[in-house]
Amino acid sequence: MSAQIIDGNALSQRLRAAVAQRATALKARGIQPGLAVILVGNNPASQVYVRNKVKACEDSGLRSVLEKYDADLSEAALLARVAALNQDPSIHGILVQLPLPVHIDAHKVIEAISPAKDVDGFHVASAGALMVGQPGFWPCTPYGCMKMLESIAYELKGKHAVVIGRSNIVGKPMALMLLQKNATVTICHSGTPDLKAMTLQADVIVAAVGKRNVLTADMVKPGAVVIDVGMNRNDEGKLCGDVDFQGVREVAGWITPVPGGVGPMTITMLLVNTLEAAERSAA
Ligand code: GUN
């Protein structure tokens, strides 16, 4: 039997419609949610990501301000821009697109963003809030994965979730979110000796490695939920995830496609976080 597809585009549409409604309600109170997006240099992938984020804001009634700088912008100048945006009451979210040029310390820049405007959820205060279960901003990609599980009314309590990948942006926060919903969580990574032995025990698998075919059909328990965070290119140059989709869909109960799965959800959760930041500022 073939797995049911969790459609990230359809879910995004529903969530973005709700964001647009809340944005309209805020505007009626004289507040237009505003996101500042900072792009330094001309990394082609970053340019595409940033364009998509700005367009998504426009489509949902959020104001976005795109600030583009040459690759030789100094760290001090970037920190000064962040400081000014922290003080700007018309800006509720600040996103500095990564990667930054090597002469700029990305960690220092992220820590300069006010946690109240950290809609990427990358600040250590945001990471700490997630860890102890306090209100903050959750990183958009794992947050989107949680929304996808919620969309199929999946009960995580009592289930075993295996996260493949331990990045600060996806793997680690993903594990904490699953734990918060009472799943039993295992984090696997490049040093895990027998990945298949782990994934075969999983009711939920989140693949977030950035490598094709990390998860194949023989590694999946029948009926498991498979969430594919990967964004890779196959030999024909087509977008593909970390999961062997054609094989795994024959074993899994639910699966997210690439494209059309986690990707659109990441931008959607950025809109949700920005709206949330604006609502908190108005409270
Ligand atoms: N670069 C790749 N993904 C992201 C993201 O989600 N946020 C930021 N700021 N930079 C990125």
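Rules behind the numbers
- Residues numbered from 1 in each chain as written.
- Predicted model: local features only at pLDDT ≥ 70, side-chain atom pairs only at ≥ 80, totals over all residues.
- Heavy atoms only, no water.
- Pairing = 2+ DSSP bridges.
- Helix = DSSP H or I, 4+ residues; strand = E, 2+ residues; numbered from the N terminus.
- Buried < 20%, exposed > 50% of the residue type's maximum accessible area, 1.4 Å probe, protein only.
- Right-handed = clockwise from strand over helix to strand, strands pointing away.
- Near = heavy atom within 4 Å.
- Polar contact = N/O pair within 3.5 Å; in protein donor to acceptor, adjacent residues only side chain to side chain.
- Areas by Shrake-Rupley, 256 points an atom, 1.4 Å probe, with all protein chains shown as cover.
- Nonpolar A, V, L, I, M, F, W, Y, C, P; charged D, E, K, R; others polar.
- Phe/Tyr/Trp six-rings, centres within 6.5 Å; stacked < 30°, edge-to-face > 60°.
- Lys NZ or Arg CZ within 6 Å of the ring centre and 35° of its normal.
- Axes fitted to C-alpha atoms, helices over the stretch in contact; angles between N-to-C directions.
- Contact = heavy atoms within 4.5 Å.
- Expected span 1.5 Å × (residues − 1).

When you look at the sheet that holds strand S11 (residues 254-255) in this model, what are you seeing that I'm missing?
Sheets are built from strands that pair by backbone hydrogen bonding, the pairs being arranged parallel or antiparallel. The sheet built from six strands is open, its strands ordered S1-S11-S8-S7-S5-S6 with parallel pairing. A single partner strand is all that each edge strand has here, and the edge strands are strand S1 (4-5) and strand S6 (184-188). Here S1 runs beside S11; their pairing, made up of two bridges, is parallel. Across the sheet, residue Ile5 finds its bridge partner in S11, namely Ile255.

Please clarify how unusual backbone geometry should be interpreted in this entry.
A negative phi angle is the norm for most residues apart from glycine, just as the trans form is the norm for most peptide bonds. Note that the residue after Leu98, namely Pro99, is joined by a cis bond; omega there is 0°. Here the residue pair Val258 and Pro259 is connected by a cis peptide bond, since its omega of 0° sits within 30 degrees of zero. Relative to the helices and strands, Pro259 is located in the loop between S11 and helix H10 (262-282). At Ala153, a residue that is not glycine, the phi angle is positive and equals roughly 55°. If you trace the backbone, Ala153 turns up in the loop between helix H6 (140-151) and strand S5 (160-164). Phi at Asn213 is positive, roughly 55°, even though this residue is not glycine. By secondary structure assignment, the location of Asn213 is in the loop between strand S7 (204-207) and strand S8 (225-228).

Hey, could you run me through the pairing of strand S2 (residues 34-40) in this one?
In summary, the side chains of a regular strand alternate between the two faces of the sheet. Within S2, seven of the seven residues are buried, which leaves the element mostly enclosed by the surrounding structure. Here S2 shows no split at all, with Gly34, Ala36, Ile38 and Val40 on one side and Leu35, Val37 and Leu39 on the other all buried. In this view, the connection linking S2 to its parallel neighbour strand S3 (residues 63-69) by way of helix H2 (residues 44-59) has right-handed handedness. Note that S2 and strand S4 (residues 93-96) share four bridges and pair parallel. Within the sheet, the bridge partner assigned to Ile38 lies in S4 and is Val96.

Would you mind going over the site of the ligand with me for this structure?
If you check the shell around the ligand, you find Lys53, Leu95, Val96, Gln97, Leu98, Asp120 and Phe122 and nothing else. In this structure, a nitrogen atom belonging to the ligand sits 2.8 Å away from a main-chain N or O atom of Val96. The protein chains hide 78% of the 280 Å² of surface that the ligand would expose on its own. Partitioning the shell around the ligand into residue classes produces four nonpolar, one polar and two charged.

Looking at this model, I keep getting lost on the packing of aromatic side chains. Mind explaining?
For any two aromatic rings, the description comes down to two numbers: the centre-to-centre distance and the angle of the planes. If you walk through the whole model with that rule in mind, you get one aromatic pair. Aromatic pair Trp138 and Tyr143: ring centres 5.3 Å apart, planes at 70°, arrangement edge-to-face. Residue classification places Trp138 among the buried positions, given a relative accessible area of 19%. It is Lys159 that lies over the ring of Tyr154; its NZ or CZ is 4.9 Å from the centre. Taking NZ or CZ as reference, Arg280 lies 4.3 Å from the ring centre of Phe137, over its face.

Looking at this structure, how should I read the sheet that holds S3?
With parallel pairing, three strands are arranged side by side in an open sheet as S3-S2-S4. Pairing within the sheet leaves two strands with one partner each, and these edge strands are S3 and S4. Taking each pair of neighbouring strands and ignoring which way they run, the sheet shows an average axis angle of 15°. Strand contacts of helix H3 (residues 75-87): S2, S3 and S4, with the helix running at about 180° to S2, the strand carrying the most contacts.

Would you explain H10 in this entry?
Side chains that are three or four residues apart share a direction in an α-helix, a result of its 3.6 residues per turn. For H10, spanning 21 residues, the distance from its first C-alpha to its last is 30 Å, which sits close to the expected 30 Å at 1.5 Å a residue. Of all 21 residues in H10, 15 are buried, a share of seventy percent or more.

Keep in mind that these numbers describe shape and distance, not what the molecule does.
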